[in-house]
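Coordinate inspection notes
What follows is each chain in one-letter form.
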Amino acid sequence: MAAAPTPLESVEAAADGARRALGAAFAAVSVWERERGRLRVLVNAGELAPGEERFPGDESYPVHAFPEIAGVLQEGGTGGSPHAWVETADAPGREAHRRRAAGLRRRGRGCCVVAPIVLHGRAWGELYVARPVGAPVFGRADAEFATVLAAVTASGIAQTERLEEVRRLAFTDPLTGLANRRAVDARLDEAVERHQLDGVVVSLVVCDVNGLKQVNDTLGHAVGDRLLERFASVLSLCGAMLPGALAARLGGDEFCLLTVGPEADEVVRVAGELCRRAGELELGEGVACGVASTGDPIGPVGSARRLFRLADAAQYRAKGARSAEPVVAGREGVRGRPDPVVRMADLPPAPTAGPGGAVERRRFRGRGGSG
């Protein structure tokens, strides 16, 4: 389980491991959905009966049908791992036992052991392990072992959830909830590799929110944050128009959209829609937007860094011209003259001009070299 990268893969590993450890033919892990009052199956492992799926869409059962489970749920915090119990296909007695027995017979199983899974001191779900008809019936030792396996499963799920949260925080901007610069760098490196291998179109839209400093200075940083959050929502909505687009905040007032697959013209169209919607926000002064796409005549793109420099140079030109439309790298060359955006992006790093080198910093933001 420790090697499983996602919670679902973690419970899948737990089900497979429990099935082997208990010498069973089938195992499942389910989660208790308190708001629905149902036990929902996450994974079925081993020999599946007709109608069962390894990862079912919505296989669930009412919790009240299983009194032992309902009892654990009512306790809330259990103070420890509740003991597993054994059910058989010929179990007499209460209605709940007969219902579980009927389910075993319907699926060709002779017995099962059920172990509640407790996570963070609360009942989380159950581990269910079954043997076929004719196989030895689970005994008390098996139930005790299943209790231990459920505790191990809970530890694995907790560890995977913590890792998922760390990954989420590492690649998410905390203010806007968009992806952050680290996520963009990783995705863009992969995208450019794909472009070099199979020619897929990779496009980058880089935006600066205009007027943020004035908002911060006159209305306060809380209002400035609200502007960033509102623009992030607009960016996310526009990004949804492009299949698989990654919407991100690079830092400060800088944002971007990264797409892999959509044609350059479609990306430019959405960038124009983004500019229009940003201009309608009640705060700020719209955005300066630059686009660079391998679908346009920008020359070979040998690295993610070059595509970033091209989009950055296009955005810088849009800002300087106070353009209400996106500037697109590779589309401004006339009469055989090279496109000024491409020329700017491919210039070698020059000594910074002016106090603090603001021009060079805005143009390249530390991304030296032409790739």
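As shown above, the structure is provided for reference.
If you're wondering where the values come from, they're calculated on a predicted model, not measured in any experiment.

Here we look at the sheet that holds strand S2 (residues 38-46)
For sheets, the rule is that strands pair by backbone hydrogen bonds, running either parallel or antiparallel. Here we have 6 strands laid out as an open sheet, ordered S3-S2-S1-S6-S5-S4, and antiparallel in their pairing. Bordering the open sheet on either side are strand S3 (60-62) and strand S4 (85-88), each of which pairs with just one other strand. Between one strand axis and the next, the sheet turns through 25° on average, direction left out of account. As paired strands, S4 and strand S5 (residues 109-119) are joined by 4 bridges and run antiparallel to one another. From the neighbouring strand, Glu87 faces S5, where its bridge partner is Cys112. Most of the contacts of helix H1 (residues 7-21) go to S2, to which it runs at about 60°, and overall it touches strand S1 (26-33), S2 and strand S6 (122-132).

A few points about a nonpolar patch on the surface
Judged by side-chain polarity, Phe145, Val148 and Val152 come together as a nonpolar surface patch covering roughly 250 Å² of accessible area. Along the chain, the position of Val148 falls in helix H4 (residues 140-170). The class of Val148 is partly exposed, set by a relative accessible area of 46%.

With respect to the nonpolar core
Counting residues in each nonpolar core, the largest one holds 33 residues, and the members touching the most others are Leu188, Leu204 and Leu307. Not counting residues within four places of it along the chain, the set of residues in contact with Leu188 comprises Val202, Leu204, Leu258, Ala304, Leu307 and Phe308. The next biggest cluster of nonpolar side chains, apart from the first, holds 31 residues, and it includes Val209, Leu212, Val270 and Ala278.

Cut-off values and rules
Residues numbered from 1 in each chain as written. Predicted model: local features only at pLDDT ≥ 70, side-chain atom pairs only at ≥ 80, totals over all residues. Heavy atoms only, no water. Pairing = 2+ DSSP bridges. Helix = DSSP H or I, 4+ residues; strand = E, 2+ residues; numbered from the N terminus. Axes fitted to C-alpha atoms, helices over the stretch in contact; angles between N-to-C directions. Contact = heavy atoms within 4.5 Å. Patch = residues over 30% accessible without salt bridge, like charges linked within 9 Å, V, L, I, M, F, W, Y side chains within 5 Å. Areas by Shrake-Rupley, 256 points an atom, 1.4 Å probe, with all protein chains shown as cover. Salt bridge = Lys/Arg side-chain N within 4 Å of Asp/Glu carboxyl O. Buried < 20%, exposed > 50% of the residue type's maximum accessible area, 1.4 Å probe, protein only. Core = buried A, V, L, I, M, F, W, Y, C linked by side-chain atoms within 4.5 Å.

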